[in-house]
Structures are given as C-alpha cells and as structure tokens.
Amino acid sequence: MAYVSKKEDESGLSSYYNNKTTIIQEARVFNDSPISPRKCRALLTRIVYLLYIGETFSAQEATTLFFGTTKLFQHKDSALRQMVYLAIKELATTAEDVIMVTSSIMKDMQPNSEVIYRPNAIRALCRIIDPSMAQGVERFFKAAIVDRTPSISSAALVSSYHLFPLAKDVVKRWVNEAQEAVSAKSSSSFFPGSSGGGYLNFGSSGNSNSGYQPIPSTSYITQYHALGLLYLIRQQDRMAVTKMIQQLGGGKSGAGTTLKNSMALCMLIRYAAKVMEEDPNVQRQILDLLEGWLRHKSDMVNFEAARAICEMKNVNASQLTKPIAVLQLFLSSPKPVLKFSATRTLATLALTHPAAVASCNVDLENLITDQNRSVATYAITTLLKTGNEASVDRLMKQITGFMSEISDEFKVIIVDAIRSLCIKFPTKHVSMLAFLSGVLRDEGGYDFKRAVVEAMFDMIKFISDCKEQALSHLCEFIEDCEFTKLSVRILHLLGLEGPKAPQPTKYIRFIYNRVVLENATVRAAAVTSLAKFGVNAVDDGLRRSIGVLLNRCLDDVDDEVRDRAAMYLKVMKEASLADTYVKEESVFSLAALESKLVAYVNDVDASAQPFDASSIPKISRAQLAAESTRPSTLDTIAAPATRASTSPPPPTAAETQSAYVQQLADIPHFAEYGTVLSSSVKPVQLTESETEYQVTCVKHIFREHIVFQFNVSNTLPDTVLEQVVVVMQPQADSGLTEDVVFQIDSLSCANSPGIVYVSFKRDNPREYTTTSFQCILKFISKELDPSTGRPEEEGYEDEYQLEEVELSAGGDYIIPSYASFSSEWDRLRSGATATETFSLGAMESIKAACDSIIELLNMEPLGGTETPNSPSVHTLQLSGLVTGGGGKVLVRCRMTFSRGQGVTLELGVRAEQENACALVVSVVGG
C-alpha cells in the first residue's frame, strides 16, 4: 500500500482515498478471480483504519464487507490471511449472521494448519461465537492453551479471558490447562524453516508446514496471560488465590518461583497486595514474599514489590526500611523512568511517613536540578513534606527558579505542597504568601489558579496573622481575573471575612469595581458581598454608603443583579430578615434535601400538598464546607491504578437514599405505603465478615409501616440457596404486626447480594416503637452440578442464626440537625418540655458521658459542646429532628462529675411535639 504524500493530503486525495463510500465500491476486488493479495490487503487496511478512527458502518454495509472478506479464505497468502482475521474481528460487532464463518475459522485452528494462521483464528473465533457455542470449541481451546508455540498459547489464553464473562462455567473448566501454561518450565517461539516465502512466509501462496521448529522463547509472555486467566477464574475464592500466590511465589527469597516473565511477577505482586489488604491474617507471609521480590534481578519487579509494601495498611517504619532502600537506589539510576517512579512513590509515602522518607533527602536534593522536570517536581514536593523549618526558605528559592519551566499539572502539585507546608510551619507564612502572590500574577490555566487561590484560602482560615495581607492579594487578583468561578469564590470570601477586618472599607472599592466592570454572574456575587458588609457594619455611615451602592444596582441590565439588590436593600432595613438570610449559620443538608425532593417528585399523591421543608435536617456552614472541600492533589497523587479500579468511590448519602427509594418504589406493595420518612444511613452487619453467608440490614420508616431490607450474600461458589427468607420475632407487646415477606427465589455466588424484605405494620403510627427482633435466615441449600453448572434436584432445608436487629430511637427516629441553640431553645419555651435527673455511676468522666449520650440519641452537638472544657462541670447541647412529623427537638444536658459517684445528669428537653419529647426522655431513662 502506497503512503499518501503531504501534497496529496492537502489536496484532498487522502480523504477521497479513505472515504467510506469509495471503499465499499472498491470491495468488488474481493470477487476478482484470481484474487490479488496485494489489492485485498490494501483495501482491508483501509477498512480497519476507518474503524480505528471512529467511522461507523451500518449493519447492511458491515455485513456486505464481512462476507466479502470471508471469500478471501480460499487464498493461502499468510499476510492476507492475517488482515482477513483483523477485519473480521472489527466487523463482527456490527455485521449480521457472522456465525456462518465459524467453519472456515475452525479449519485454520486445526493442529496441521499453518502456525501463523492458528493464533489469528483463535482470536477471531472468540469474537464470532455466542455463549452457547463455547462448549463446542472447548476441545480446541484446551489444546491451544497448552500448545508449545507461545503465539498460539497466548492467543488462546487471551481469548479465554474475553470469553469468561459470557461463558463462565465453560471457561472455569480450563483451569488445569491454564495452570499448566503458567507453570511451564520452558516455552517456545516460532520461526518457519525453508518455506520459500521469506520471513513469516510473507507473500507466499504455499501452505506447507514443513520445517517448523519451535525454539525456546526468552519472553515467557504466556505465563503473564495464563496468570491473568487463573486469577479471573479464582477471584471469588480468596483461599484459592492465596494458595496460588504461595505456590508461584517461590518462598521467602522468591528464587524458587516458576515465573520467568517480569510482567507476570508484577501481576502476582498486585494480586498479593490485594489479598493482604482484604485479609490481614496473611500479611506476615505475603510480606515475606514481597521482601524476597525486592532482590529480584528485574527492576520492574523490585519497584512493584517496593510500592506494594509502601502502600500497605498500617505499615510501620521497620517494614519500610527495605523498600525505601530499593527506591533510594533507583533515585541515582541513569534511567529516567526509574527515577520518576521512585520519586512519585516516595512523594506519596511522605504524606504518612515523612520521617522514614527523610533518609532519601540527600538523593532527592540532587534531583531538584534534574533535566526531567517531572522528576524534579516530585523530588521537591517530597522534600517540602520531609524537610524541617530551616530548609523552607532555601527550597522556596529553588522552586521559584523553575516554576516557569513546568506544565500547569506539576505547578498544581507544587502549590498544593506549599499549601500543606503553610499549616505545618505557620511562622514561614511571609515567604510562602509572597511566593503564592507572585505565581498568581503569572500565566496559567484555571486549575493552577484555583490551586493558588485555595492555598490562600487555607492561610486565611488557619493563620490569622496573614489574613489581611492575603485578602489584599486576592483583591488585586480579581481586578484582572479571567475566570468567573474564581472571582465569585473570592467575592464570597470577602463578604465573610471583610466585615470582620479592622478596616472593612478598603475592600469595598474592589468589590464595587466588579459591579461596574464584570459579567452578570460576578456582578450578582459582588452585590451579595456588598450586602454582607452593610448588614454586619457597626458604623451607620458605612451602612448608608452600602445602601447608595445597592440602589445604583437597581438599574442593572440583568434581572438577577436587580433582584438581589432589591432583596438586600429590604434585608438591611429589617433585623429579622438579616438574621434569616445573611447571619443564619445553618443550611439544609443537601443529601437529605435531594432525597426528600426526589421522593416528593416521584410520589403522585404528594403534589396535592406543598413541599414540607421542616422535616429536612440542617447542618452548620462549617460542616457543609468540610463535606464539599476539594481534596488536595497531594492526597490523590500516585494513587495505584489497581486500587483505583477495584475500589470505586463509595456512593454519597444522597445516592444511597435515592437508590433505596427507587428499590422500594419498584415493588407495588410498598408503593401503597407512601413516602419513606427515613432510612438507615449505614447497613447493620448481622454476620461475621468471614462467614459463608453474609447479611446486612437496612431499616425504612414509613408513616404506618416499618420495612426491614436484608441484603443477603452467598459466598459459596458451588452452592445455590433457594426460597431464602428471614424470620423475625419481635419482643412481646412491641406494637408491630407482620404484614408481608418477600423472599429470594434463588441466590448463588454470581448474583449475590439478593434482597429479602420483611414489613411490619405499626399498630399506633403516632407512637415511636422501640424493640429488638430475633432473626433467623432460612433457605433450601442445593449443590451445583460441576458438569452442567445447574443446581441438583434435591436439596435440604437449613437455617442460620443472625444477630438481633434493634429498632431504637436514636438510630431510626431521630435525625441530627443543626440549629442556633439559644434562639431555638427560647422559641420552644412554649412547646413540650421535660426535665429529668439521672445518675450515671458507671461513667468514668464527663467526656465519656458526652460520647455515650450523643451516640444514644444520634443528635447534632452544637457549639463544640461535645468536648468538655472542665473535668467536673459541663453542659452539652444537642439538636435533632424526629421523623413522622415529630418536629424539632433540643436537649440540654447539665452534668457534674465526682470520683466515686460518677456523673450526675440533668436532662432538659424541649420539642415541638409532646411525643417527641417523651421519646428522648424514654431513651435516656431506658
């Protein structure tokens, strides 16, 4: 195939040459007689190229090309056959009736066919067949997996890997062959003898296989593919994986391993690290294996073992000595990739073990001037985390020298390192603030500027001495800031911190300039910021001046700006409105608000009533900021890819609640119950984590019902559980009557977990029932037939005792909610009140009493009262919401402590409803 010249490309010849319509028309060449291998290869190359760059063929077009390609099987040219298989693989996903080409592919899979044909045939067959045909080709795959030719064996192993999700039961039966491939003492490679067609028989039309002599291979790549398939088959059986690691590990020194491929060893190390993370009981044995691999002749294996040890949970300094010594050797290596990997790993380790990494500081300092700026960046960020206060100024000068030479991505890493250093050494804030203000004026993208601004935000928050100077730098930055989001955030911060400054008027000019010069979004944020100065102003003259500026904003062209100005002018005149809209310290919990809104929108009957916001818990602005804080780049840098893929981020509270609501709505019987008032935040574990059956419980509270959701997992791969139910027995006179039970018809290891629902009707919906339930898991156990993969006809009934399920006030009826205690306590003076005195003789301190009361009631501690200032006298303030219309409830706990008598508690409760007040008293008194 001739390459297109630059001139032809510019003139449009290339686009015509690789045009889909042109290629389809030229596909007539497949029908020529005799077949021209050169022309057909060129056309197949163009088809594959189009698919590669994202071009799509319709089903009819793909089918036409597919069956035109299959006609080329009658020609024996090796290079043409390779292109045929490549095109078949790519077109098979779109074309129809592809199964018809199976017989042609199977001919090339026969042992007496050309060796160059067989690997390609195996890979193509994997794409063609459907799961029902997997058993029919089992014999071919088993033979190919243990073939002496590495290309054939690797093709079969990789194809088996791709077949596994579609035909698990069939592929699992190939475990012995995969074990033989991974343990092979020697491998072989293919170079054909005198076949008359040159290397790989390229361009030949002969089919002779004479002269084929397998010779030993030095790569042993088959072991890497076989190990991946073995793990895929055994990944649900932790004991089998552990045994495989120990067999292939080669003992403490690692010298006895049969694995000769470095990539296979690296993969084995990752599997070992995963097992060690899941099962701490085998940590000692696997750690010995990892330390043995530190002495392997391959740098790749040394590094993988060192990184695995550095990323161990609860790793101590003595265990880090050997891997750090290996990484230290890599720091002086002439290979850039080794230096980069070592500095990156040490930068991550320095977050948790700076003292252990400090031994590498001399080598790291030599890398600051390394010509590879990526290595230099990681070296200097590691030094910032491990160095002492005396070295900060010297490092800052070196950083300034090469900031202009690195990309924004690494600038962000440097800035985040300085951000953490500010908190560690607050006395050095002058030089660090000067550096940050300097780079803020440099050219850079949004992520870089955001990192600098957030570093300044942290300095304002944690270092009071630099607050005014940092605010001034931010004011200068927004004068010519091109990023709207950053301008809005800085204006918001100025509105919070500016009124508290000794001279608040010096910031107003910068804010009002934004009203005049910026876009509508920034102008609206500037109006809000000005209003906060006006509301919090002590000086009446300043308040009047702010009023004049806001009046000018009433003529703005944007309605959002005008509306904000009008609202804040009204707010500044009425103190009650100012307390609600500007000075209020609490906000709705966004997770709870989203969950309630989703339930309200999905409930057809709810639209007749206005949305009730009183049942939504509130949190403080500090809690909201903590929840939404952007994690530092230092916390996520160098995260291992294996962990990122196996441990996805956990769902948020809102996502969890929404999932529960959707699951319940899918069951028609529960749809009649109405809206879910509350659900458990975390599932309660009812079995040990090591048992064969694992059960967790989630409680859903409705107005007239309580639904228990049992998530049941079967960890036995060769057993199926049928008719799975949970039998619940409440205490006598609990006020609950069983309504309905939804069982799991069939539960295997593959479809775990399944859900059992048990619903109880509340005899008196106005009462808050607290009780405990005896729970038994009942099921019919059946063994799986290993040949068919189906459960046997006969089974036996069995049961499994679970932990008790508690229905408690604090965990199920009361939701933590932030409030301003003094004003709310006064407001509830006319509501339901109760005062009781209790003697807590078992409590050894007031702190222990505070922790117990907070855990028991599940309420929000206010004003830092969860931490006592005095060991003898303390007042704990709590706030919460009671579900089901119980309203707000506040608790004041006055406590005294004396040795020998424990804690004496005076419990004061005020609530909007009498039954909510009685509920809290009964919890503490019970």
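Bear in mind the structure is a predicted one, so any value in this text is a computation, not a measurement.

Peer 1: For this particular structure, what's the right way to read the overall build of the chain?
Peer 2: Each helix and strand in the chain was counted, giving 43 helices and 19 strands. In the chain, the proportion of contacts linking residues at least 24 apart, taken out of those at least 6 apart, comes to 66%.

Peer 1: What is the right way to look at a negative patch on the surface in this model?
Peer 2: On the surface, Glu688, Glu690, Glu803, Glu804 and Glu806 cluster together into a patch of negative charge. By secondary structure assignment, the location of Glu688 is in the loop between strand E4 (684-685) and strand E5 (693-701). By relative accessible area, Glu688 is classed as exposed at 52%.

Peer 1: Looking at this structure, how should I read the packing of aromatic side chains?
Peer 2: In this description, a pair of aromatic rings is defined by centroid distance and the angle of the planes. Per the stated rule, a full pass over the model turns up 18 aromatic pairs. On the basis of an interplanar angle of 10 degrees and a centroid distance of 3.9 Å, the ring pair of Tyr231 and Tyr271 is categorised as stacked. With a gap of 40 residues between them, Tyr231 in helix H13 (residues 221-234) and Tyr271 in helix H15 (residues 262-278) connect regions that are remote in the sequence. Across this residue pair, the class does not change: Tyr231 and Tyr271 are buried. Judged by centre distance (5.4 Å) and plane angle (80 degrees), the ring pair of Phe670 and Phe742 falls under edge-to-face. With a gap of 72 residues between them, Phe670 in helix H39 (residues 668-671) and Phe742 in strand E8 (residues 736-742) connect regions that are remote in the sequence.

Peer 1: Just to check I follow, could you spell out helix H26 (residues 446-462) for this structure?
Peer 2: Residue pairs three or four apart in sequence face the same way in an α-helix, which turns once every 3.6 residues. Here H26 contains 17 residues, and its C-alpha end-to-end distance of 24 Å stays within 8% of the 24 Å for a straight helix at 1.5 Å per residue. Within the span of H26, buried status applies to Phe448, Lys449, Ala451, Val452, Val453, Glu454, Ala455, Met456, Phe457, Asp458, Met459 and Ile460.

Peer 1: Just to check I follow, could you spell out unusual backbone geometry for this structure?
Peer 2: In terms of backbone geometry, most residues other than glycine have negative phi values and most peptide bonds are trans. At the junction of Ser33 and Pro34, the peptide bond is cis and its omega measures out at 0 degrees in the coordinates. Unusually for a residue other than glycine, Asn858 sits at a positive phi of about 55 degrees. With respect to the helices, strands and loops of the structure, Asn858 is situated in the loop between helix H42 (846-857) and strand E16 (860-861).

Peer 1: Whenever I open this one, the side chain of Ser759 confuses me. Can you help?
Peer 2: By the secondary structure assignment, Ser759 is in strand E10 (residues 754-762). A distance of 2.9 Å separates the side chain of Ser759 from the side chain of Tyr673, its partner in a polar contact. The residues touching Ser759, leaving out its near neighbours within four places in the chain, are Phe670, Tyr673, His705, Ile706, Val707, Thr737, Glu738, Asp739 and Val740.

Peer 1: Which parts of the structure should I look at to understand the packing of helix H24 (residues 408-424) against H26?
Peer 2: Working note: a packed helix pair is described by the angle between its axes plus the distance between those axes. Axis separation between H24 and H26 bottoms out at 9 Å; the angle between their running directions is 5 degrees. On the basis of their axis angle, the class for H24 and H26 is roughly parallel. Between H24 and H26, the residues in contact are Asp408, Lys411, Val412, Val415, Asp416, Arg419, Cys422 and Ile423 and Asp447, Phe448, Ala451, Val452, Glu454, Ala455, Asp458, Met459 and Phe462, respectively. Considered class by class, the residues forming the contact of H24 with H26 number ten nonpolar, no polar and seven charged.

Peer 1: Which parts of the structure should I look at to understand the environment of Ala390?
Peer 2: The topology assignment puts Ala390 in the loop between helix H22 (373-386) and helix H23 (392-402). Judged by its relative accessible area of 68%, Ala390 is exposed. The sequence separation of Ala390 and Lys428 amounts to 38 residues, and the corresponding C-alpha distance is 9.6 Å.

Peer 1: Hey, could you run me through helix H18 (residues 317-331) in this one?
Peer 2: Taking 1.5 Å per residue as the helical rise, H18 with its 15 residues ought to reach 21 Å, and the 20 Å between its terminal C-alpha atoms agrees with that figure. The sharpest bend along H18 comes to roughly 30 degrees, located at Pro323. Buried residues in H18 make contact with helix H16 (283-293), helix H17 (299-310), helix H19 (336-349), helix H20 (354-357) and helix H21 (361-366).

Peer 1: I tried to follow a nonpolar patch on the surface on my own but got confused; where do I start?
Peer 2: Residues Tyr49, Tyr52 and Ile53 make up a contiguous nonpolar surface patch of about 390 Å² in total accessible area. Looking at the element boundaries, Tyr49 is found in helix H4 (residues 37-52). Judged by its relative accessible area of 40%, Tyr49 falls in the partly exposed class.

Peer 1: How should the pattern of salt bridges be read in this particular structure?
Peer 2: Side chains bearing opposite charge may pair, as long as their charged atoms lie close to each other. Under the counting rule described, the total for this entry stands at 35 salt bridges. The shortest N-O distance in the salt bridge between Asp77 and Arg41 comes to 3.5 Å. With Asp77 in the loop between helix H5 (59-70) and helix H6 (78-91) and Arg41 in helix H4, the pair connects residues that are 36 residues apart, well separated along the chain. Here the two residues Asp77 and Arg41 agree in accessibility, since each one is buried. The residue Arg284 makes a salt bridge to Asp288 at a minimum N-O spacing of 2.9 Å. In this pair, Arg284 and Asp288 are both assigned in helix H16, four residues apart and thus about one turn of the helix distant. Residue Asp288 is classed as buried on the basis of its relative accessible area of 17%.

Peer 1: For this particular structure, what's the right way to read the packing of H19 against H22?
Peer 2: Between H19 and H22, the shortest axis-to-axis distance is 9 Å and the interhelical angle comes to 25 degrees. By the angle class used here, H19 and H22 are roughly parallel. Remark: the crossing between H19 and H22 carries left-handed chirality. Across the interface between the two elements, Pro336, Lys339, Phe340, Thr343, Arg344, Leu346 and Ala347 from H19 touch Ser374, Val375, Tyr378, Ala379, Thr381, Thr382 and Lys385 from H22. Looking at the contact of H19 with H22 residue by residue, the classes come out as seven nonpolar, four polar and three charged.

Peer 1: Help me out: how do you make sense of the side chain of Glu824 in this one?
Peer 2: Residue position: Glu824 is located in helix H41 (residues 821-827). Assessed through its relative accessible area of 15%, Glu824 is described here as buried. Beyond its immediate chain neighbours, meaning those up to four positions away, Glu824 contacts Ala819, Lys888 and Leu890.

Peer 1: Could you clarify how one ought to interpret the confidence of the model for the chain in this entry?
Peer 2: In low-pLDDT segments, the atomic positions of the prediction should not be examined closely. Averaged over every residue, the pLDDT of the chain is 81; residues scoring 70 or more account for 88%. Considering each helix and strand of the chain separately, the mean pLDDT is smallest for helix H37 (residues 641-646), with a value of 38, and largest for H17, with 92. Here residues 1-13 is modelled with pLDDT under 50, and outside its nearest four sequence neighbours on either side it reaches ten contacts, counting other chains as well. Predicted confidence is poor over residues 186-212, with pLDDT under 50, and the contacts of this stretch with residues over four places away or in other chains come to 58 contacts.

Peer 1: I keep staring at the state of the cysteines and nothing clicks. Help me out?
Peer 2: What makes a disulfide is a covalent bond joining the sulfur atoms belonging to two cysteines. Here the structure, examined in full by the defined rule, presents zero disulfides. Of all cysteine sulfurs, the one in Cys310 lies closest to Cys360, which takes part in no disulfide; the gap is 9.5 Å. The exposure class assigned to Cys360 is buried, which follows from its relative accessible area of 0%. The thiol sulfur of Cys466 is not disulfide-bonded, and the nearest other cysteine sulfur, from Cys422, lies at 7.6 Å.

Peer 1: Any chance you could explain the environment of Cys697 here in plain terms?
Peer 2: Within the secondary structure, Cys697 sits in strand E5. Separated by 108 residues in the primary sequence, Cys697 and Val805 place their C-alpha atoms 7.9 Å from one another. Apart from the residues lying within four places of it in its own chain, the contact partners of Cys697 are Pro683, Val684, Leu686, Phe708, Gln709, Phe710 and Val805.

Peer 1: Before we go on, may I ask you to explain the pairing of strand E18 (residues 887-898) in this structure?
Peer 2: Side chains on a regular strand alternate between the two faces of the sheet. Across ten bridges, the pairing between strand E17 (residues 873-882) and E18 is antiparallel. Within E18, the position partnered with Val873 by the bridge is Thr896. Hairpin connection from E17 to E18: four residues lie between these consecutive antiparallel strands, with Gly884 at a positive phi of about 75 degrees. Strand direction decides the pairing type here: E18 and strand E19 (residues 902-911), joined by ten bridges, are antiparallel. Note on E19: the bridge partner recorded for Arg892 is Gly908.

How each quantity is defined
Residues numbered from 1 in each chain as written. Predicted model: local features only at pLDDT ≥ 70, side-chain atom pairs only at ≥ 80, totals over all residues. Heavy atoms only, no water. Helix = DSSP H or I, 4+ residues; strand = E, 2+ residues; numbered from the N terminus. Contact = heavy atoms within 4.5 Å. Patch = residues over 30% accessible without salt bridge, like charges linked within 9 Å, V, L, I, M, F, W, Y side chains within 5 Å. Areas by Shrake-Rupley, 256 points an atom, 1.4 Å probe, with all protein chains shown as cover. Salt bridge = Lys/Arg side-chain N within 4 Å of Asp/Glu carboxyl O. Lys, Arg positive; Asp, Glu negative; His and termini not counted. Charge placed at Lys NZ, Arg CZ, Asp CG, Glu CD. Buried < 20%, exposed > 50% of the residue type's maximum accessible area, 1.4 Å probe, protein only. Phe/Tyr/Trp six-rings, centres within 6.5 Å; stacked < 30°, edge-to-face > 60°. Expected span 1.5 Å × (residues − 1). Polar contact = N/O pair within 3.5 Å; in protein donor to acceptor, adjacent residues only side chain to side chain. Axes fitted to C-alpha atoms, helices over the stretch in contact; angles between N-to-C directions. Parallel < 35°, antiparallel > 145°, perpendicular 65-115°, else oblique. Nonpolar A, V, L, I, M, F, W, Y, C, P; charged D, E, K, R; others polar. Bend = angle between axes of the 7 residues up to and from the residue. Left-handed = near helix turned anticlockwise from the far one by under 90°. pLDDT = per-residue confidence, 0-100. Disulfide = S-S within 2.5 Å. Pairing = 2+ DSSP bridges.

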